[in-house]
Amino acid sequence: MSNTRRNLMFLAFFFSAAAFGPRAAAQKEVVVAAAADLKYAMDSIVAVFSANNPSILIKPVYGSSGSFFEQINNGAPFDLYFSADIDYPKKLKEAGKTLSDVKQYTTGHLVLWSKTLDPAREQINTLINPAVGKIAIANPAHAPYGKRAEETLHYYKLYDKVKDKLVIGENISQTAQYAQTGAADVGIIALSLALSPTMKQAGGKYWPIPEAAHQPLQQAFVLLTHAKDNAAAAQFANFIGTPTVAAILKSFGFAQP
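Figured I'd write up the structure that's included with this text. (Residues numbered from 1 in each chain as written. Predicted model: local features only at pLDDT ≥ 70, side-chain atom pairs only at ≥ 80, totals over all residues. Heavy atoms only, no water.)

## Brief notes about the nonpolar core
What counts is decided by this rule: Joining through side-chain atoms within 4.5 Å is the link that ties buried Ala, Val, Leu, Ile, Met, Phe, Trp, Tyr and Cys residues into a set, and such a set is a nonpolar core. Each residue's exposure class comes from its accessible area (1.4 Å probe, protein chains only) as a fraction of the maximum for that residue type: buried when under 20%, exposed when over 50%, partly exposed otherwise. Working rule for contacts: check all heavy atoms of both residues, and any pair within 4.5 Å makes them a contact.
Of all hydrophobic cores here, the largest spans 64 residues; its most connected members are Leu80, Phe82, Leu127 and Phe236. Among residues more than four places away in sequence, those in contact with Leu127 are Leu112, Val132, Ile135, Leu153, Leu158, Val162, Lys165, Val186 and Ile188. Counting residues in each nonpolar core, the second largest holds 12 residues, with Phe68, Phe69, Tyr81 and Leu92 among its members.

This is how it looks when you write it as structure tokens:
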């Protein structure tokens, strides 16, 4: 066998081993169902965790907490569930669908956001400004931020005045997108999304809605039974309680529980 052929065979073996060797085979996958308000914060959390744990692949899926709750009840293969409403994880625990205790990881906040107006000027009365034709909120039926937005409208006795202007987003991320793109003149969205790079780039302004206007947005996560044999899922769950994650959450406007 010639040296050239021997070298080519060695290179073929080397690249084959690199692609299919122990490191690739050992990679563990963790599927995370996360409330849409966590999109940017969770992406940052995953990036930091992955940099220090290259053998673990974290796959976050974003949507409304209520929709995920129904999916998990119907056997969806998620390993962890991060809800914007602590009651959903509590119900899963009561139903025997969790491996861990319910852990509150943060408290969320609502803001009034607009690309064309400054909500700080008229505050909640921005919603009855003649220039406002459409108001975006998340679906109160299954999105916690939508429920709290509806509570806010009732608190200020504005619901009947603006109900015909409401544009309903499937989740809080879609709601923010409506406000960002101009499909709505104003959006009642999560502070975490208002502080995201995308919304900052849009150039909008926001006004923090007083917490007295609605029930608190206690957000919690839980390790699900699907993660029974997945040590990587437990490792990621433990990471959520670290100061590193607390700092990331704080940077997106999330309060400590």
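More follows now that the structure is in view.
## A short note on the sheet that holds strand β10 (residues 217-223)
Rules: Paired strands are those between which DSSP finds at least two bridges. To qualify as a helix, a DSSP run of H or I must reach at least 4 residues; to qualify as a strand, a run of E must reach at least 2; elements of each kind are numbered from the N terminus. Here the axes come from fitting lines to C-alpha atoms, over the contacting stretch only for helices, and the angles between their N-to-C directions go from 0 to 180 degrees.
With respect to topology, five strands assemble into an open sheet ordered β2-β1-β3-β10-β4, the strand pairing being mixed. For this open sheet the edge positions go to β2 (56-63) and β4 (103-108), each flanked by a neighbour on one side alone. Each adjacent strand pair in this sheet contributes to an overall mean axis angle of 20°, direction not counted. Packing of helix α3 (residues 39-52) onto the sheet brings it into contact with β1 (28-35), β2 and β3 (80-83), and relative to β2 it is tilted by some 175°.

## Comments concerning the packing of α3 against helix α12 (residues 231-239)
For the record, the criterion: Each crossing gets its handedness from the near helix: less than a right angle anticlockwise from the far helix is left-handed, clockwise is right-handed. Just so you know the grouping, Ala, Val, Leu, Ile, Met, Phe, Trp, Tyr, Cys and Pro go in nonpolar, Asp, Glu, Lys and Arg go in charged, and all remaining residues, Gly too, go in polar.
Packing of α3 against α12 leaves a shortest axis separation of 11 Å and a crossing angle of 115°. Of the two elements, α3 crosses α12, and the hand of that crossing is right-handed. Residues Met42, Ile45, Val46, Val48 and Phe49 of α3 pack against Gln235, Phe236 and Phe239 of α12. Here the residues of the contact of α3 with α12 sort into seven nonpolar, one polar and no charged.

## Remarks on unusual backbone geometry
In this structure, Gln123 takes a positive phi of about 50° despite not being glycine. Take Gln123: it is sitting in the loop between α6 (119-122) and β6 (135-138). Even without a glycine there, the phi angle at Lys157 is positive, about 55°. In this fold, Lys157 is placed in the loop between α7 (144-155) and α8 (159-162). Classification of Lys157 as exposed rests on a relative accessible area of 68%.

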